[in-house]
Each structure stands twice: as C-alpha cells, then as structure tokens.
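Close look at the chain arrangement
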Amino acid sequence: RSYRPDLFVDKALDTLGKISRQGKPFFLAMHTCVLHVPSVRPYPWHQMFDQRGYNGTNRFRYSTSGTALLDGDGEKDQSLEAKRIIAEQDLRIYDSGIDMADQMVARVVSELKRSGLWDNTIVMLISDHGEEHYEEGHPYQFRGPNHGYHSYGDGQHHVVWSIRTPDNARAGTSIKQTVRLHDLVPTLMELLDMDWPSEIDGVSAFAAVDEDAEREVYIETGVSEPRYWTEGHRTYPFKRLNAKYEIDDETGRINIKASFMPHLIAAKDRVMQVGRWKLIWHALEEGMKIELFDRENDPSNLNPVTDQHPEIAAELLDRMTPYLE
C-alpha cells in the first residue's frame, strides 16, 4: 500500500536474510516502482539535481498521476513556458529516481554478498516498460510522464536488461540485437540448463548474439485517451476512463470490467517493429490507418515514410496480421 520503494527493499532484504539461513534454491522477484508514476521522492532524493527551491505543483512527484493521467485532466490552457518548467522538473524527478534505483540495487547486492548468496545467484535487472516525458513538437499533447498511451518513439518500450551470473562467463557482453520482455524466461531456462514444460513465446537473449536477422517486435497500447489519437480514432463508451474499473469484493483487487474489455482491445493501436522500421496500425471507427517510420533517422517518429517505402509497409503489415487475428 506504499509508494515508498525504499520500504519495499527493506522487505526484500528481510526475505533474503531468511532465505540465506534455509540453504535451499530460491526465486525472488521484486518490483520497486521507483520511476513509475507517481514517482514520489522522499528525502534526500527530493533535493537532488537542482530541485532545491522549486515550488511548482510537481515538487515531490510527477506532474500527473493516477486517475488524472487516465482521464486526461490537466491544465490544457497552460502556456508553452509553463509546460516547459513543469517538464524540466519531471526530468529532475526522473533523474533522482535513477539514483534512487541504483542505491536500491546496491543494497540488494550488498545483502547477497553479506549472506553468502552472491556466489551462487543469478541476478537480473529489468524494467516492465520505459517512461516518456513531455517534448515540444510532438504530434500529440500530454503533460507529465506516461507509458502505453501512444505508439510513437522508443521511450516507452526501450528498457535496460542486465544479467549477472555467478561464473561471470558472459561478463561485459553487450547484445546489440533486439530482445523482448518475453525472451526473459527462455534466457533464464538456458542459464539454469532447464527445459520449459510446454510451448513458450520468445527465445534466449544470448541466442541474439549470433543472429543475423532482426527479431520482430510486436507492441500494442494499453489504455489511451483522445490527445494521443489520430483523427477518426475508435473511442471508448466511457467518458471517464476510471469508470472502467471495479473492485472484486472477495479479493479486494481492482480489475477492468469485463464489459469494457472488448472496447479496450478494439481501440488499441498496434506496432510491428523490425530493426530500423516501425509500422503503426491505428484503430479507427471505420477501418484502420497505417504509418511507417524510419527509427534510425526519425527516432521520435514525427515523419511517416509510408509512401516512400510501400513494400516495407506491406511486409510489416503482413507480419502483424497473425497478432491482429
């Protein structure tokens, strides 16, 4: 119930201490929410990166979070200068969060070493998604960090994945080939010399070192809202997006209403990305719209090259079809 990631780490360290005394194989997964909305900054991180003296609405956390982000609330009439000031503070909060994450990882590593587990433990550091911040000149308007709301750029789906093995056999290896989040399990199975008992998506990240052909990457938006949509985009039947949630009386968990799911799925924008090329499939009220982008020359995806490379657009659309079906 806490947005204090440092407290999550305290719990993880207690767990590692108990595990070390048991002397048995273990699997421990922890998610710290350090850089995730609302990204609350307690002492001393709220003072780092020239944050001292800042008195804006986002002094201690990102400018938008929770239902305000879901519902698109915010100062729509803000001047460009006001948006810039808020965006700069959001970046300071993000930077301090990276420092916060580094220190948390250091605490976990220190505990692994202190308890004697370090020499026999595989450690993976990975993010569930990236975060994108306000930038001038983009084809959509938003305020504050966001993720999963649109398909442009690489900020939301380009994340760190670091692996440390006890034997240090692959130390210093940097994988240039594209890897996906669903490659994590096959990678872990290879490291443990185990077979997955059934069919599985993805392949080991280490196999990418020797691959010549670029891996295809399928991406889709989560919940979105009008400021990110192209003209004629499919809409939702709810005016406010937080109306799509309900609380399960038995478990206390927050779920998306079953009645909303067909509308959520139908309104998703999809992406097929292979190497430098990225095809975005926009869901419209009538039909669809596709845009092809060259990620090498246009990393923010501001200038479609669909007409210049129709054969590449057709190929990526063909590769996307099984996912759409």
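Residues numbered from 1 in each chain as written. Predicted model: local features only at pLDDT ≥ 70, side-chain atom pairs only at ≥ 80, totals over all residues. Heavy atoms only, no water.

**Observations concerning the overall build of the protein chain**
Test applied: A run of H or I in DSSP counts as a helix once it spans at least four residues, and a run of E counts as a strand once it spans at least two, with each numbered from the N terminus. Only C-alpha atoms enter the radius of gyration, while the globule expectation follows 2.2 Å times N to the 0.38, with N the number of residues. Pairs of residues are marked as contacts when any of their non-hydrogen atoms sit within 4.5 Å. Surface accessibility follows the Shrake-Rupley procedure with a 1.4 Å probe radius. Residue values consider only the protein chains on display as shielding. We treat Lys and Arg as the positive residues and Asp and Glu as the negative residues; His and chain ends play no part in the count. Where a charge sits is defined by one atom per residue type, namely NZ (Lys), CZ (Arg), CG (Asp) or CD (Glu).
If you tally the helices and strands in the protein chain, you get 6 helices and 8 strands. Ordered by position from the N terminus, the helices and strands of the protein chain form the series α-α-α-β-β-α-β-β-β-α-β-β-β-α. In terms of overall size, the protein chain behaves like a compact globule, its C-alpha atoms giving a radius of gyration of 22 Å where 325 residues would be expected to give roughly 20 Å. Looking at the protein chain alone, contacts between residues at least 24 apart form 64% of all its contacts between residues at least 6 apart. Roughly 19,000 Å² of accessible area belongs to the protein chain as shown, and the carbon and sulfur atoms make up 51% of that amount. In the protein chain, 37 positive and 53 negative side-chain charges are present, and the distance between their average locations comes to 8 Å.

**A few points about unusual backbone geometry**
Along the chain, Tyr-43 connects to Pro-44 via a cis peptide bond; the corresponding omega equals 0°. Note that Pro-44 resides in the loop between α1 (5–22) and α2 (66–71). The backbone of Asn-168 sits at a positive phi, close to 55°, despite the residue not being glycine. Structurally, Asn-168 can be placed in the loop between β2 (161–164) and α4 (184–191). Unusually for a residue other than glycine, Asp-193 sits at a positive phi of about 55°.

**Remarks on the packing of aromatic side chains**
Heads up, the rule is: Any two of the Phe, Tyr and Trp rings considered here, Trp counted by its six-membered ring, make a pair once their centres fall within 6.5 Å; the pair's planes then place it as stacked at under 30 degrees, edge-to-face at over 60, or tilted in between. Think of it in three bands: residues with accessible area under 20% of the maximum for their type are buried, residues over 50% are exposed, and the middle band is partly exposed, with areas taken using a 1.4 Å probe on protein chains only. Only when the NZ atom of a Lys or the CZ atom of an Arg is both within 6 Å of the ring centre and within 35 degrees of the ring normal do we say a charge sits over the ring.
Enumeration over the complete set of coordinates arrives at 6 aromatic pairs. Here the aromatic rings of Trp-229 and Tyr-236 are separated by 5.6 Å at their centres, their planes lie at 75°, and the arrangement is edge-to-face. Exposure class is identical for Trp-229 and Tyr-236. Each is buried. In textbook terms, an aromatic cluster arises when at least three aromatic residues are bridged by ring pairs, as seen for Trp-229, Tyr-236, Phe-238 and Phe-260. In this arrangement the basic side chain of Arg-164 is found over the ring face of Trp-118, its NZ or CZ atom lying 3.7 Å from the centre. In this arrangement the basic side chain of Arg-170 is found over the ring face of Phe-206, its NZ or CZ atom lying 4.0 Å from the centre.

**A short note on α4**
All buried positions along α4 are accounted for by Pro-186, Thr-187, Leu-188 and Met-189. Summarising the contacts, the buried residues of α4 are in contact with β1 (123–126) and β2. Directly beyond the C-terminal end of α4, a positive phi value near 55° is found at Asp-193.

**Concerning the sheet that holds strand β3 (residues 216–220)**
For clarity, the threshold we go by: Two strands qualify as a pair provided that DSSP identifies no fewer than 2 bridges between them. Interaxial angle, 0 to 180 degrees, is taken between N-to-C directions of lines fitted to C-alpha atoms, where a helix line uses only the stretch in contact.
Across the sheet, which stays open at both edges, the 4 strands sit in the order β3-β6-β7-β8 with antiparallel pairing between neighbours. Every other strand in the sheet has two partners, leaving β3 and β8 (288–294) as the edge strands with one partner each. When strand polarity is set aside, the average angle formed by the axes of neighbouring strands in this sheet is 15°. Strand direction decides the pairing type here: strand β7 (residues 277–283) and β8, joined by 7 bridges, are antiparallel. Residue Ile-280 lies in a different strand from β8, and its bridge partner there is Glu-291.

**Here we look at the nonpolar core**
Condition: Throughout this description, the term nonpolar core refers to a set of buried Ala, Val, Leu, Ile, Met, Phe, Trp, Tyr and Cys residues connected via side-chain atoms within 4.5 Å.
With 13 residues, the main nonpolar core has Leu-16, Val-108 and Leu-112 as its most contacted residues. Secondary-structure elements contributing two or more residues to this core are α1 and α3 (80–114). If you tally residues by element for this core, the top one is α3, at 5 residues. Here Leu-16 is in contact with Phe-26, Leu-28, Val-108, Glu-111, Leu-112 and Leu-117, once residues within four sequence places are set aside. The next biggest cluster of nonpolar side chains, apart from the first, holds 12 residues, and it includes Trp-277, Ala-283, Ala-313 and Leu-316.

**Here's the deal with the side chain of Thr-187**
Stated formally: Polar contact criterion, stated in full: a pair of N or O atoms within 3.5 Å, where within protein one must be able to donate a hydrogen and the other to accept it, and residues adjacent in sequence count only if both atoms are side-chain atoms.
As for its placement among the helices and strands, Thr-187 is situated in helix α4. Among the polar contacts made by the side chain of Thr-187, one reaches the main-chain amide nitrogen of Ala-205 at a distance of 2.8 Å. Ignoring sequence-local partners within four residues, the contact set of Thr-187 consists of Met-124, Trp-161, Ile-163, Val-203, Ser-204, Ala-205 and Phe-206.

**Comments concerning the packing of α1 against α3**
Stated formally: An angle counts as roughly parallel when it lies under 35 degrees, as roughly antiparallel when it exceeds 145, as roughly perpendicular when it falls between 65 and 115, and as oblique in every other case. Amino acids are sorted into nonpolar (Ala, Val, Leu, Ile, Met, Phe, Trp, Tyr, Cys and Pro), charged (Asp, Glu, Lys and Arg) and polar (every other residue, Gly among them).
Orientation of α1 relative to α3, taken along the N-to-C sense of each, is 10°, at an axis distance of 10 Å. With respect to α3, the axis of α1 lies roughly parallel. Here α1 contributes Pro-5, Asp-6, Val-9, Asp-10, Leu-13, Leu-16 and Gly-17 to the contact with α3, which in turn contributes Met-100, Met-104, Arg-107, Val-108, Glu-111 and Leu-112. Residues belonging to the contact of α1 with α3 are distributed by class as follows: 8 nonpolar, 1 polar and 4 charged.

**Side note on the pattern of salt bridges**
Two side chains with opposite charge may pair up if their charged atoms get near one another. Heads up, the rule is: We count a salt bridge whenever a side-chain nitrogen from Lys or Arg sits within 4 Å of a carboxyl oxygen from Asp or Glu.
Per the stated rule, a full pass over the model turns up 15 salt bridges. Of the charged contacts in the structure, one is a salt bridge between Arg-84 and Glu-88, with a shortest N-O distance of 2.5 Å. In this pair, Arg-84 and Glu-88 are both assigned in helix α3, 4 residues apart and thus about one turn of the helix distant. Residue classification places Arg-84 among the partly exposed positions, given a relative accessible area of 28%. For Glu-216, the salt bridge goes to Arg-319, with nearest N and O atoms at 2.9 Å. Residue Glu-216 is found in strand β3, and its partner Arg-319 is found in helix α6 (residues 310–324); the two are separated by 103 residues along the sequence. Assessed through its relative accessible area of 21%, Glu-216 is described here as partly exposed.

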